[in-house]
Amino acid sequence: MIGEQVAHLLGKPVLGVAALGTGAGDVGAYKVSLLSGEIVFVKSTTNSPPDFAHAEAAGLCWLRAADAVAVPEVLAVDDTLLITSWITRGRPTAASAEEFGRQLATMHARGAQFFGVPWNSYIGALPLDNQESDDWAQFYVERRVLPYLRQAVDRGAIELSDAVLIERVCDRIDELVGPPELPARIHGDLWSANIHWDTRGRAWLIDPAAHGGHRETDLAMMWLFELEYLDIIEAAYDEVYPLADGRHERIGLHQLHPLLVHAVLFGASYGAQAVAAARHYL
């Protein structure tokens, strides 16, 4: 079935299909070999909303247009499949991590017209409201923190008494965010699994929740899940696009969103981490 769909979308005969497993929302992943010798990566999004694949394709194309960090090419997309170029996995080196830091800074500097983007998207299996704003603090609170806090409480991952602490941080957001920043072109879900290193050590970005955002958000996400060579990446980044003073004090603020998303998806242990991050700012 997958082979027939890929052949139809690409207009090329398929030689073989290998299943790679499932991801968020039971999204299926496949390595598909074409008769021409080309290999492509395929996501089957049959169990996801019809705009799921289109949203990811839009994010990939938008990041790729920055001509900075490498991003797989979108070869075809419909309501149930996303087909991109194949990246053969390798390992990073200190030198390739340094190059990635420079490229990430360049991608962020390409910017966005607003905070948000013209399409709504997903982080994992959860929908994201990307309605555009010219105020990042408001955007972050209303589009990234409070919706997932409410869901986490509803699912029992955070107690109401603890949710109040996160709401108090939201009330103080204007004084916590640091110097004003222009909208950056960010990945939006930049943990280690969404950075693929190829056989030459080059970094590729996959599975974006791309939008115009605060550039410290991408960096904070990398710190949350302990990306390898992160000190080297950040130092190289800072040479190209210097970060504002006090950035490390704001890491927990930017981690509230991914921690709440994980609380909704995976339960109370992440809810406790979100509450602990919030306490730091009270």
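Residues numbered from 1 in each chain as written. Predicted model: local features only at pLDDT ≥ 70, side-chain atom pairs only at ≥ 80, totals over all residues. Heavy atoms only, no water.

Peer 1: Which residues make up the layout of surface pockets, and what values do they have?
Peer 2: Empty space among the atoms becomes apparent when a probe as large as a water molecule is rolled across them. Empty space within the second largest pocket amounts to approximately 180 Å³. Residue lining of the second largest pocket: 14 residues in total, with Trp 136, Ala 137, Val 177, Pro 180 and Glu 181 positioned closest to the centre. Across the lining of the second largest pocket, the residue classes tally to seven nonpolar, three polar and four charged. (1 Å grid on protein atoms, 1.4 Å probe; cavity = no way out; pocket = protein on both sides within 12 Å on 5 of 7 lines; lining within 4 Å. Points joined across faces, edges and corners; volume = space filled by probe spheres on them. Nonpolar A, V, L, I, M, F, W, Y, C, P; charged D, E, K, R; others polar.)

Peer 1: Any details on the packing of aromatic side chains? Residues and values, ideally.
Peer 2: Inspection of the entire model under this criterion finds eight aromatic pairs. Where Phe 52 meets Tyr 122, the ring centres are 4.9 Å apart and the plane angle is 45 degrees; that geometry is what we call tilted. In this pair, Phe 52 sits in helix H2 (residues 52-64) while Tyr 122 sits in strand S6 (residues 121-123), placing the two residues 70 residues apart along the sequence. Side by side, Phe 52 and Tyr 122 carry an identical accessibility label, which is buried. Relative to Tyr 241, the ring of Tyr 237 lies with its centre 6.3 Å away and its plane at 15 degrees, an arrangement referred to as stacked. (Phe/Tyr/Trp six-rings, centres within 6.5 Å; stacked < 30°, edge-to-face > 60°. Helix = DSSP H or I, 4+ residues; strand = E, 2+ residues; numbered from the N terminus. Buried < 20%, exposed > 50% of the residue type's maximum accessible area, 1.4 Å probe, protein only.)

Peer 1: Residue-level account of the sheet that holds strand S1 (residues 14-22), with values.
Peer 2: Spatially, five strands are ordered S1-S2-S3-S5-S4 in an open sheet, and the strand pairing comes out antiparallel. For this open sheet the edge positions go to S1 and strand S4 (74-77), each flanked by a neighbour on one side alone. For this sheet the average axis-to-axis angle between neighbouring strands, irrespective of direction, equals 20 degrees. Two strands pair when backbone bridges link them, and strand S3 (residues 39-44) and strand S5 (residues 81-85) are joined in this way by five bridges, in the antiparallel orientation. Looking at S5, one finds that Lys 43 is bridged to Leu 82. With respect to the sheet, helix H1 (residues 2-10) is in contact with S1, strand S2 (28-34), S3, S4 and S5, its orientation differing from that of S5 by roughly 70 degrees. (Pairing = 2+ DSSP bridges. Axes fitted to C-alpha atoms, helices over the stretch in contact; angles between N-to-C directions. Contact = heavy atoms within 4.5 Å.)

Peer 1: Summarise the packing of helix H4 (residues 136-154) against helix H5 (residues 160-171); cite the residues concerned and give the values.
Peer 2: Helix-helix packing is characterised by the crossing angle of the two axes and by the distance between the axes. Following both chains from N to C, one finds H4 and H5 inclined at 175 degrees, their axes separated by 10 Å at the closest point. Taken as axis vectors, H4 and H5 run roughly antiparallel relative to one another. The segment H4 lies against H5, with Val 141, Val 145, Leu 146, Leu 149 and Val 153 engaging Leu 160, Ala 163, Ile 166, Glu 167 and Cys 170. Grouping the amino acids of the contact of H4 with H5 by side-chain chemistry returns nine nonpolar, no polar and one charged. (Parallel < 35°, antiparallel > 145°, perpendicular 65-115°, else oblique.)

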